[in-house]
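Observations on the three-dimensional arrangement
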Amino acid sequence: MILHHIALNVPVSDGLFTYRHPTALPAGCRVAVPFRGKTVAGVVWASGVESSMAIEKILPVQTAFTDGAPLPESWRALIDFTARYYHYPTGQAVFAALPAGLKEPKPVGMPQPPLFYALNETGRAQTPPPERFRKQHALWQALFSDGLEMAALKRINNQAPKLVQEWAAQGWIHTSHAAAPKLNPSEHTLNAAQQAASQAVQAAAGTFQPFLLYGITGSGKTEVYFDVMAEVLAAGKQVLFLLPEINLTPQLLKRVQARFADVPAAVLHSQTAAGARAQDYLRAMLGQAKLVIGTRLSVFTPLPDIGLIVVDEEHDGSFKQDNELRYQARDLAVWRAKQSGCPIVLGSATPSLESWHKAQSGAYRLLELAERARAAAKLPQVEVLNVGRLKLDNGFSPQALKLLQQNYRQGGMSLVYLNRRGFAPALFCGDCGHTFGCPRCSAKMVLHQRARQLRCHHCDYRQSVPYKCPDCGNQDLTAVGQGTQRVEETLRALMPQAAVARVDRDSTTHKNDWADLYRRIAGNEIDVLVGTQMLAKGHDFARLNLVVVLNADGSLYSADFRAPERLFAELMQVSGRAGRAQTAGSVLIQTQLPEHPVFAAVKAQNYRIFAETELAERKLLNMPPFAFQTAIRADAAKVADAMDFLNGIKAVTEPLISENVSVFGPAPMFMVRLAERERAQVFLESPDRRSLHRAVSLWVQVLQQYRDGKIRWSVDVDPAEM
Ligand code: ADP
Ligand code: ZN
């Protein structure tokens, strides 16, 4: 009997359990095993292991699915790393990384290798069908030059299956399982900056080298990715292309199709059906799919022969998973590139400050595209309007309303942009701009109107609301962060004839919603779009020439130190929407804080200005990327129980934690209630990753002793939200 460690999807210690089997099973093999009276799926993690348990107590593996290929070693190493880094049970990490179709204790059909058709020697010697039979002639030509799959041949001539069969019967056709993928040339010649960027990445082929491709919206980053991808695919290697869900649009896929029509590809996103997803996963694992495009989860796709990774819009928050296994796909992608010894390109118009910092320190190589690729495309004109002393109509200034009305009359399309993340209200001085930071830590304090208190959700410091500004004595302190209501009604009243469309999470839940919206926009059916950050990203609306931003200020004083970074990225992107085509667009930003550096940077359309000011501030306050954080959260029916729980663990662990790790809190979270539970959190912070990691391990060891079940806890390494 051989003993095996089997990874199971259960939240018990590391999720690895011992089972026996008459023969040694290969690591990575999927199995069915009995667990607590049920049959569950597992993955062999190690074989030939030892156990102190009596052999007759060890249960047997029920079925081993040995017909398909086992999950490869590089994939298991990735999962091991992920589990370790994010302090998550290995067994559960395995199952978080598998597509639904592979999580069942059932066999799966392995995808058939693709079949490529071409004319053989005899075939090539034949007279081709006459040119007047255009489609037959085209099919013959295609078979003459390359090996193509039937699907590709059908696109040339829908009679292809029948014709190829006839020609095969004549003995003219050769079939094979591998062919050099056929690539279409780009419709553009790359400009000098694009060339340089592409060359730099190509020169790094076969070695680990991270690049940060910083290029303003419309500067032609996508064309650079494609150019490098074409080289890598032509060499027969695989490419992993990660992008935010919202950018995985029909537009993007069409561009990929146009360029890489005949490259066997797998498109993985949350709306892919489970069965198809599993097949795509396996095709990638077997090296059949050469190009894998997908959202954060596809970072776990096994790829035996990876030659390049691209992460588009690398700053985007959706690369971080915010429940269960809380991983950051961009960071894991860099790890994978290192593991595979291949270049990785992180691209953005507004890079994350983490990546920018790495580029500044030389860990990443910076590539820059400073200009828009299409000569005609102009940068937008940005106006920052001080609304501090203005009377607003449901959030609109008179200037904004006038511009919107004018643009509608002249046939333009406008976007009214609402910044409506769950911001915590903050207090600030309208005269000198003073904000209220916590005296005990570096977080901003949150205004609790009803309790008349300022509270720190980082360390739980509380104080009553001051009646005057400690800096300038002004007694008129203002609250920021309130939302805007009735935007649509205001617009409809102003322009009853205009077509106003709202875009938010609710109106775009279905796959076809975006397609529908695009159709309406392309058909000139929409005059004003109203929406949140969903609209800021990646979409190309040619007719859009006016953007009005209603309430940017909430982010600037947010308790979440990353809020200004997100606001800046959104403002840059949303203003990048305007005037992508011939006409320069204009952007009006309403604010009570026109002097804030964020606005100067947006006005100049200059990320560097922003990054430098913001990084200097982060450094001063000892915040990421200059320090590392882990949040440990607990939830219970009552927040007091969650607080007690965390306080108890803090007391046990505190004497054992090294002195370069600070522990803040516990504090109730700002959004204390979620799904009937109340939440509190502790922050562990350190300038040294290893020390932090050891401290978190210690916490997790103690947390795992807890068995009551009334309190749930989780660990969030490198948390993105406060
Ligand atoms: P980004 O990804 O940086 O936003 P894109 O690659 O989407 O930029 O390019 C923006 C627009 O410019 C697209 O319409 C693209 O077709 C066009 N474009 C890109 N590179 C060139 C080029 N070298 N010459 C002409 N047009 C280009
Ligand atoms: Zn504090």
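Residues numbered from 1 in each chain as written. Chains lettered and ligands numbered in written order. Predicted model: local features only at pLDDT ≥ 70, side-chain atom pairs only at ≥ 80, totals over all residues. Heavy atoms only, no water.

Labelled according to an unreviewed UniProt entry, the protein appears under the name Replication restart protein PriA, originating from Neisseria dentiae. On record in UniProt, under Sequence similarities (unreviewed entry), the comment for the protein is "Belongs to the helicase family. PriA subfamily." UniProt, in its Subunit (unreviewed entry) section for the protein, records the words "Component of the replication restart primosome." (UniProt positions renumbered as here; feature names shortened; annotations may be inferred.)

In the first shell of the zinc ion (ligand 2), the protein supplies Cys438 (SG), Cys441 (SG), Cys456 (SG) and Cys459 (SG), at 2.3 Å from the metal. Here the donor residues of the zinc ion (ligand 2) are spaced in sequence according to C-x2-C-x14-C-x2-C. Of this pair, Cys438 sits in the loop between strand 17 (426-429) and strand 18 (446-448) while Cys456 sits in the loop between strand 19 (453-455) and strand 20 (462-464), and the two are 18 residues apart along the sequence. Cys456 matches Cys438 in its accessibility class, with the two residues each being buried. (Donors = N, O, S within 2.8 Å, 3.2 Å for Na, K, Ca; no water. Helix = DSSP H or I, 4+ residues; strand = E, 2+ residues; numbered from the N terminus. Buried < 20%, exposed > 50% of the residue type's maximum accessible area, 1.4 Å probe, protein only.)

The subject of this paragraph is helix 7 (residues 192-203). Given a rise of 1.5 Å per residue, 12 residues ought to cover 16 Å, and the 16 Å separating the end C-alpha atoms of helix 7 matches this to within 8%. Along helix 7, the residues classified as buried are Gln194, Ala197, Ser198, Ala200 and Val201. The buried residues of helix 7 occupy an angular sector of 155 degrees when the element is viewed end-on, so they sit on one face. When the buried face of helix 7 is taken as reference, the exposed residues oriented beyond 90 degrees from it are Ala192 and Ala203. On its buried side, helix 7 packs onto strand 8 (209-215), helix 8 (221-234), strand 12 (306-312), strand 13 (343-348) and strand 14 (365-369). (Expected span 1.5 Å × (residues − 1). Arc of directions from axis to C-beta. Contact = heavy atoms within 4.5 Å.)

Below, the discussion takes up the pairing of strand 28 (residues 677-686). Within strand 28, 10 of the 10 residues are buried, leaving the element largely enclosed by the surrounding structure. As paired elements, strand 26 (residues 628-636) and strand 28 share 9 bridges and run antiparallel to each other. Residue pairing in the sheet places Phe628 in a bridge with Ser686 of strand 28. Bridging between strand 27 (residues 662-674) and strand 28 involves 7 bridges; their strand directions are antiparallel. Residue pairing across strands places Pro668 opposite Ala680, the latter belonging to strand 28. The loop that links strand 27 with its antiparallel partner strand 28 comprises 2 residues; one of these, Ala675, has a positive phi angle of about 50 degrees. (Pairing = 2+ DSSP bridges.)

Time to look at empty space enclosed by the protein. Rolling a probe over the atoms, with the probe sized like a water molecule, indicates the empty space that remains. Using the criterion set out here, one finds 3 cavities of 30 Å³ or more in the structure. The computed volume of the largest cavity comes to approximately 60 Å³. Lining the largest cavity, in full, are Ile216, Thr217, Ala349, Arg372, Leu379, Met572, Gly576 and Gln605. There are two domains that each give the lining of the largest cavity at least three residues, and those are domain 3 (192-369) and domain 4 (381-424 + 481-617). (1 Å grid on protein atoms, 1.4 Å probe; cavity = no way out; pocket = protein on both sides within 12 Å on 5 of 7 lines; lining within 4 Å. Points joined across faces, edges and corners; volume = space filled by probe spheres on them. Domains from an automatic or database assignment.)

Side-chain positions along a regular strand alternate between the two faces of the sheet. Across the two faces of strand 11 (residues 291-294) the burial is the same, with Leu291 and Ile293 and Val292 and Gly294 all buried. Direction of pairing for strand 9 (residues 238-242) relative to strand 11: parallel, over a ladder of 4 bridges. Counterpart to Val239 in the pairing with strand 11 is Leu291. Sheet topology note: the strand 10 (residues 265-268)/strand 11 ladder contains 4 bridges and is parallel. For Leu268, the partnering residue across the bridge sits in strand 11 and is Gly294.

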